[in-house]
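Architecture and fold: a report
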Amino acid sequence: MKVQECMTSPAHSCTTDASLVTAARIMWDYQVGALPVLDSEGHPVGMITDRDICMAAARKDRFAGTITVLETMSPNPFTVKPDDDLSKALDTMAARQVRRLPVIDDAHHLVGILSINDAAAAAETGERDFRGKPEVFAKIVSALRRIASPSATPGGTSAQAQDAEPEKA
């Protein structure tokens, strides 16, 4: 199974200069918990979550409308391509303890987003070619367990682990 068969497309996003209020409104309007952050060329340069917004609002002594996404986002997101195997994407999520991966094309433009929920929903509904296959469910459960495990450096960034290969689940 390929990432493109499960991903959500188009993905909603924001830019580095957007305020936390703007990012929160996008999340609210589209009922999502995270946004890829794009540079002026449309390339993902970070991720911001609803939790990031809440923590920044609590930590900084400023109105959220004056705090930029750039100040708060996690930079250098791990990414996948539409034709990557879902198994590889789940391994990356598990190894990096992230629940979502921006999906990029060959020019590194955002074309979608893959969440652990997308994979689970596709497996649950049986709308994809792996309906009822126990190994798919086991892979998703394994990824969720590893994502949820305590870590000294949860998530990290792709810049910190450029050469590191995800562990096999």
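How each quantity is defined
Residues numbered from 1 in each chain as written. Predicted model: local features only at pLDDT ≥ 70, side-chain atom pairs only at ≥ 80, totals over all residues. Heavy atoms only, no water. Buried < 20%, exposed > 50% of the residue type's maximum accessible area, 1.4 Å probe, protein only. Helix = DSSP H or I, 4+ residues; strand = E, 2+ residues; numbered from the N terminus. Pairing = 2+ DSSP bridges. Arc of directions from axis to C-beta. Contact = heavy atoms within 4.5 Å. Core = buried A, V, L, I, M, F, W, Y, C linked by side-chain atoms within 4.5 Å. Salt bridge = Lys/Arg side-chain N within 4 Å of Asp/Glu carboxyl O. Axes fitted to C-alpha atoms, helices over the stretch in contact; angles between N-to-C directions.

A look at the pairing of strand 5 (residues 100-104)
Within a regular beta strand, the side chains point alternately toward one face of the sheet and then the other, so they alternate between its two faces. Within strand 5, four of the five residues are buried, which leaves the element mostly enclosed by the surrounding structure. Relative to strand 6 (residues 110-115), strand 5 runs antiparallel, the two sharing five bridges. Within strand 6, the residue paired with Leu 101 across the bridge is Leu 114. Hairpin connection from strand 5 to strand 6: five residues lie between these consecutive antiparallel strands, with His 108 at a positive phi of about 70°.

Digging into helix 4 (residues 86-96)
Counting buried positions along helix 4 gives eight out of eleven residues, so the element sits mostly inside the fold. At the exit of helix 4 stands Gln 97, carrying a positive phi of roughly 55°.

Re helix 2 (residues 50-59)
Restricting attention to buried positions, one finds in helix 2 the residues Asp 52, Ile 53 and Ala 56. Along helix 2, the residues classed as buried sweep out an arc of 100° about the axis, all on the same side. For helix 2, exposure combined with an orientation more than 90 degrees from the buried face picks out Arg 51 and Ala 58. Contacts from the buried residues of helix 2 go to helix 1 (20-30), strand 3 (44-49), helix 3 (69-72) and strand 4 (74-75).

Observations concerning the nonpolar core
Core analysis: the largest hydrophobic core is formed by 20 residues, its most contacted members being Val 3, Leu 90, Met 93, Leu 101, Leu 114 and Ile 116. For this core, the element with the most residues is helix 4, which contributes five residues.

Some words on the pairing of strand 2 (residues 34-38)
Among the five residues that make up strand 2, five are buried, leaving the element largely enclosed by the rest of the structure. Going residue by residue along strand 2, you find Ala 34, Pro 36 and Leu 38 tucked away on one face and Leu 35 and Val 37 tucked away on the opposite face as well. Bridge count between strand 1 (residues 14-15) and strand 2: two bridges; the pairing is parallel. Bridge pairing in strand 2 places Thr 15 opposite Leu 38.

Quick notes on the pattern of salt bridges
A full pass over the atoms with the stated rule returns five salt bridges. One salt bridge connects Glu 71 with Lys 60, and the closest N-O pair in it is separated by 3.9 Å. Placement of the pair is Glu 71 in helix 3 and Lys 60 in the loop between helix 2 and helix 3, with a sequence separation of eleven residues. Salt-bridge contacts for Asp 106 lead to Lys 81; the nearest nitrogen and oxygen are separated by 3.3 Å. Taken together, the residues Asp 106 in the loop between strand 5 and strand 6 and Lys 81 in the loop between strand 4 and helix 4 connect sequence positions 25 residues apart. Exposure remark for Asp 106: the relative accessible area of 67% places this residue in the exposed category. Accessibility expressed as a relative area gives 24% for Lys 81, which makes it partly exposed. If you follow the salt bridges from partner to partner, you end up with Lys 60, Arg 62 and Glu 71 in one network.

What to know about the sheet that holds strand 2
Pairing between the strands of a sheet is mediated by backbone hydrogen bonds and can be parallel or antiparallel. Overall, mixed pairing links the four strands, which are arranged 1-2-3-4 in an open sheet. With one partner strand each, in any of the chains shown, strand 1 and strand 4 form the two edges of the open sheet. Where strand 2 lies against strand 3, five bridges are found, and the strand directions are antiparallel. Bridge assignment links Pro 36 to a residue of strand 3, and that residue is Met 47. Packed onto the sheet, helix 1 meets strand 1, strand 2 and strand 3 and runs at close to 130° relative to strand 2.

Re the side chain of Asp 118
Mapped onto the fold, Asp 118 is located in helix 5 (residues 116-125). Excluding anything up to four places from it in sequence, Asp 118 contacts Cys 6, Met 7, Thr 8 and Ile 113.

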